[in-house]
Amino acid sequence: MSDASTGSGAESEHDHAQHHEGPGYTTPQAAIEEGGREKLAYVMSLYVGTDVDAPDFVAVVDLDPESDTYCEIIDRIEMPNRGDELHHFGWNACSSSCHMEGLERQHLIVPGQRSSRLHVIDAADRRNPELVKVIEPEEVFEYDLSAPHTVHCVPDGQILISMLGDADGDLPGGFLELNEDFEIEGRWEPPGEIEMNYDYWYQPRQNVMVSTEWAAPKTYYPGFDLEDVEEGKYGQQIHFWDWEEGTVEQTIDLGEEGQIPLEVRFLHTPESTHGFVGTALSSNMFHFWRDEEAGEYRAEKAIDFEAREHPDWDMPVPGLTTDILISMDDRYLFGSNWLHGEVWMYDISDPSNPRRADSLSVGGTFGDIREVQGREIVAGPQMLQLSLDGERLYWTTSLFSSWDDQFYPEEAERGSVMLKADVDPRTGTLELDEDFLVDWGECPAGPARAHEIRWPDGDCTSDVWQ
Amino acid sequence: MASHEVRLEWPTGRTKTVTVREDETVLEAAGRDGIGLPYGCRTGACGTCTGRLLEAAGHESNDEQVLDVDDAFAYRRCQRALKDRHRADGYVLLCVAEPRADCRLAVGPSVHTELVENPWK
């Protein structure tokens, strides 16, 4: 089971020069040069809460334009149980462990957001991964944690998972640590460091981790209720941690303009203390950085997406910026306005002053492009993934089953899609690839939703450098 | 162990009657009979398994009379996914609800979507 055991190696899609002994790439630039074009994607696919009486699955999608099965789901790794709500997932090892001889990027840790069940998938055979281990919810609940979300590896082989609730789906959440044999090691942080939790990212050279806030699972699980926002049940803080100690050093309250801070990213260069967090409900991007003089982190609103009037709706509609990512070269911030139906890219070469480069209006409530290859695009762009070279942006359309049902009820009946835009980083432009469509509406058991996307050999939201 | 007849009704018109013991949840009993009801956390936190009480012990829910779901069920764990307004409207989480009376329930994935609406629309 241990990654350090075999010399046979994961069957890598790329063939990069071995400048180092461990997984990943020595630098972000090395990832761009050596990673090669993404030919497969792993995509979280789910049936939870729909009419389809089947378990969620991990889809293996063919992204090789030379292949006969381009744009098709070529394999499905079914979960052993129904009702998981596969959502986010991550690797046992990434570039943060590139110094670890023998460790390989081979196992995917795939949590069930609703079930609190943890799955381990062996992806040594990149095209035919297999489920090798399941940690049942009861075992997770023993640590008074539930609702697993973000998975990152720790540089020396462990895995850290953000947990959004306690065993009752209430607050506080915390972090669960797995060892290199995928056994629960225990709770990572001392209890009581945080109340709400969601996404996190770490920058080990700066000895910092940043975490964000959604809400208690019992609050967000059933759907979005504005009353809960009014009662302060949704988050608006971000927490800066001492990465080595596992303790919160500083909490920043983003205020009313920073409601529901979800996806958070540091720049890829390990030297940087700059990063961005998308505050979904307020639909703003906050830039954060360490003020060396003051010896603490600061956060400032850097991009503001205005709510839009809808002729038939009661209130102006927020963009709902539910996902962001930073290109591997740290030049662009990409994001999705799920409710409006927009993907955008901003030049962040001066991170304090992001400059709008381009955007695409597709699907969602206001999108100009309403169909691709005759397939109606129901929901807006949601989870993003970018090629390592920054030239191809992909996205899926499901946010969370119960929230989909609220805002895009047809997503359950039609299934999600995966779309792609060609990016020109030189000119800062985006263009929809009209030839590209992966349709979860055609899955054998029935229409499925699609959420987070990963490449087999590292991507813009998986890899960290030490 | 006493048991109760629980009639499950889908919006499509499909119905199934399950005999549910007082020490098992409606979800467990349905699963035992091979009936695929939706569910998620199985701890009363997520609401995926929500059903709505239509009739209990011979009394129908209608405009004049709202049934008290707590007369029809005991709960293995607290129904944390439901707010007071949901309970008052007869919603019940089938993953933690053990019957105390014969009843009819609206089931299927469309029931949990009734808990919230699009606040901007």
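Calculation notes
- Residues numbered from 1 in each chain as written.
- Chains lettered and ligands numbered in written order.
- Predicted model: local features only at pLDDT ≥ 70, side-chain atom pairs only at ≥ 80, totals over all residues.
- Heavy atoms only, no water.
- Helix = DSSP H or I, 4+ residues; strand = E, 2+ residues; numbered from the N terminus.
- Rg over C-alpha atoms; globule rule 2.2 N^0.38 Å.
- Buried < 20%, exposed > 50% of the residue type's maximum accessible area, 1.4 Å probe, protein only.
- Contact = heavy atoms within 4.5 Å.
- Areas by Shrake-Rupley, 256 points an atom, 1.4 Å probe, with all protein chains shown as cover.
- Lys, Arg positive; Asp, Glu negative; His and termini not counted.
- Charge placed at Lys NZ, Arg CZ, Asp CG, Glu CD.
- pLDDT = per-residue confidence, 0-100.
- Buried area = accessible area lost by both parts, 1.4 Å probe.
- Salt bridge = Lys/Arg side-chain N within 4 Å of Asp/Glu carboxyl O.
- Polar contact = N/O pair within 3.5 Å; in protein donor to acceptor, adjacent residues only side chain to side chain.
- Nonpolar A, V, L, I, M, F, W, Y, C, P; charged D, E, K, R; others polar.
- Pairing = 2+ DSSP bridges.
- Axes fitted to C-alpha atoms, helices over the stretch in contact; angles between N-to-C directions.
- Core = buried A, V, L, I, M, F, W, Y, C linked by side-chain atoms within 4.5 Å.

### Digging into the overall build of chain A
Consideration 1: Within chain A, the regular secondary structure consists of 6 helices and 31 strands.
Consideration 2: Here the C-alpha radius of gyration of chain A, 20 Å, is about what a compact globule of 466 residues would show, namely 23 Å.
Consideration 3: C-alpha atoms of chain A, sized along the principal axes, occupy 60 × 55 × 50 Å.
Consideration 4: In chain A, buried positions account for 66% of the 466 residues.
Consideration 5: The contacts of chain A with a sequence gap of at least 6 include a subset with a gap of at least 24, amounting to 58%.
Consideration 6: Here chain A has roughly 15500 Å² of accessible surface; of this, 39% comes from carbon and sulfur atoms.
Consideration 7: Separation of charge centres in chain A, based on 30 positive and 97 negative side chains, amounts to 4 Å.

### With respect to the confidence of the model for chain A
Residue and element names in this part refer to chain A.
Consideration 1: Residue-level pLDDT values for chain A average 95, and 96% of them are 70 or greater.
Consideration 2: Low pLDDT (under 50) marks residues 1–9, which in the prediction has 18 contacts with non-local residues, meaning those over four places away or in another chain.
Consideration 3: In the predicted structure, residues 11–18 sits below a pLDDT of 50 and forms 17 contacts with residues beyond four places in sequence or in another chain.

### What about the interface of chain B and chain A?
Consideration 1: The interface is formed by 25 residues belonging to chain B together with 34 residues belonging to chain A.
Consideration 2: Both sides together, the interface formed by chain B and chain A hides about 2600 Å², and carbon and sulfur atoms give 57% of it.
Consideration 3: Between the two partners, chain B and chain A, sit 5 salt bridges.
Consideration 4: When the shortest N-O distance is used, the salt bridge between B:Lys83 and A:Asp228 registers 2.9 Å.
Consideration 5: Inspection of the chain B/chain A interface yields 13 residue pairs in polar contact (both at pLDDT 80 or more).
Consideration 6: Considered class by class, the residues forming the side of chain B that touches chain A number 12 nonpolar, 7 polar and 6 charged.

### Brief notes about the sheet that holds strand β20 (residues 321–326) of chain A
Residue and element names in this part refer to chain A.
Consideration 1: Strand order in the open sheet formed by 4 strands is β20-β21-β22-β23, and the pairing between neighbours is antiparallel. Pairing within the sheet leaves two strands with one partner each, and these edge strands are β20 and β23 (355–361). Direction aside, neighbouring strands of the sheet carry axes that sit 20° apart on average.

### Structural notes on the pairing of strand β18 (residues 284–291) of chain A
Residue and element names in this part refer to chain A.
Consideration 1: Most of β18 sits out of view: 7 of its 8 residues are buried.
Consideration 2: Sheet topology places strand β17 (residues 275–279) next to β18; 5 bridges connect them, and they run antiparallel. Within the sheet, the bridge partner assigned to Phe276 lies in β18 and is His287.
Consideration 3: The hairpin turn running from β17 into β18, its antiparallel successor, is 4 residues long, and Ser283 in that turn takes a positive phi close to 60°.
Consideration 4: Bridge count between β18 and strand β19 (residues 296–304): 8 bridges; the pairing is antiparallel. The residue of β19 that forms the bridge with Met285 is Ile303.

### Details of the nonpolar core
The tendency in soluble globular proteins is for nonpolar side chains to be buried side by side.
Residues and elements named next belong to chain B.
Consideration 1: Ranked by internal contacts, the top residues of the largest apolar core, which has 35 residues, are Leu8, Leu37, Leu53, Phe73, Leu94 and Leu105.
Consideration 2: For this core, the secondary structure elements donating two or more residues are β1 (3–9), β2 (15–21), α1 (26–32), β3 (50–56), α2 (69–72), β6 (91–93) and β8 (103–106).
Consideration 3: Not counting residues up to four positions away in its chain, the partners in contact with Phe73 are Val26, Leu53, Val92, Ala97, Glu98, Pro99, Arg100, Cys103 and Leu105.

### Brief notes about the sheet that holds β18(A)
Residue and element names in this part refer to chain A.
Consideration 1: Sheet architecture is open: 4 strands sit in the order β16-β17-β18-β19, paired in antiparallel fashion. Sheet topology places β16 (261–266) and β19 at the edges, where each strand pairs with a single neighbour. Strand after strand, the sheet turns through a mean of 25° between neighbouring axes, direction not considered.

### Notes on the environment of B:Lys121
Consideration 1: Checked against the element boundaries, B:Lys121 lands in the segment after α4 (109–112).
Consideration 2: Overall, the relative accessible area of 55% leaves B:Lys121 in the exposed class.
Consideration 3: Ignoring sequence-local partners within four residues, the contact set of B:Lys121 consists of A:Trp313 and A:Asp314.

### Some words on the pattern of salt bridges
Consideration 1: According to the stated counting rule, one finds 50 salt bridges over all chains in the structure shown.
Consideration 2: For A:Lys233, the salt bridge goes to A:Glu231, with nearest N and O atoms at 3.1 Å.
Consideration 3: Linking A:Asp389 and A:Arg392 is a salt bridge whose minimum nitrogen-to-oxygen distance equals 3.3 Å.
Consideration 4: You can call A:Arg392 buried: its relative accessible area is 6%.
Consideration 5: It is possible to trace a salt-bridge network through shared partners that takes in A:Asp225, A:Glu227, A:Asp228, A:Glu231, A:Lys233, B:Lys83 and B:Arg85.

### Some words on unusual backbone geometry
Residue and element names in this part refer to chain A.
Consideration 1: Residues Leu171 and Pro172 are joined by a peptide bond in cis, for which omega reads 5°.
Consideration 2: Within the fold, Pro172 resides in the loop between β9 (159–165) and β10 (174–178).
Consideration 3: Phi at Asp144 takes a positive value of approximately 55°, unusual for a residue other than glycine.
Consideration 4: You can call Asp144 partly exposed: its relative accessible area is 40%.
Consideration 5: Of note in this structure, Asn207 is not a glycine but carries a positive phi near 50°.
Consideration 6: Looking at where Asn207 falls in the secondary structure, it is placed in the loop between β12 (200–203) and β13 (208–211).

### Remarks on the side chain of A:Ser398
Residues and elements named next belong to chain A.
Consideration 1: Topologically, Ser398 is positioned in the loop between β27 (392–396) and α5 (401–407).
Consideration 2: When its relative accessible area of 1% is taken as the criterion, Ser398 is described as buried.
Consideration 3: For Ser398, the contacting residues outside a window of four places in its chain are Gln382, Asp404, Glu411, Ser416, Arg449, Ala450 and His451.

### Digging into the environment of A:Pro137
Consideration 1: Inspection of the secondary structure assignment puts A:Pro137 in helix α2 (residues 137–141).
Consideration 2: Distance from A:Pro137 to A:His287, taken between C-alpha atoms, is 36 Å for residues 150 residues apart in sequence.

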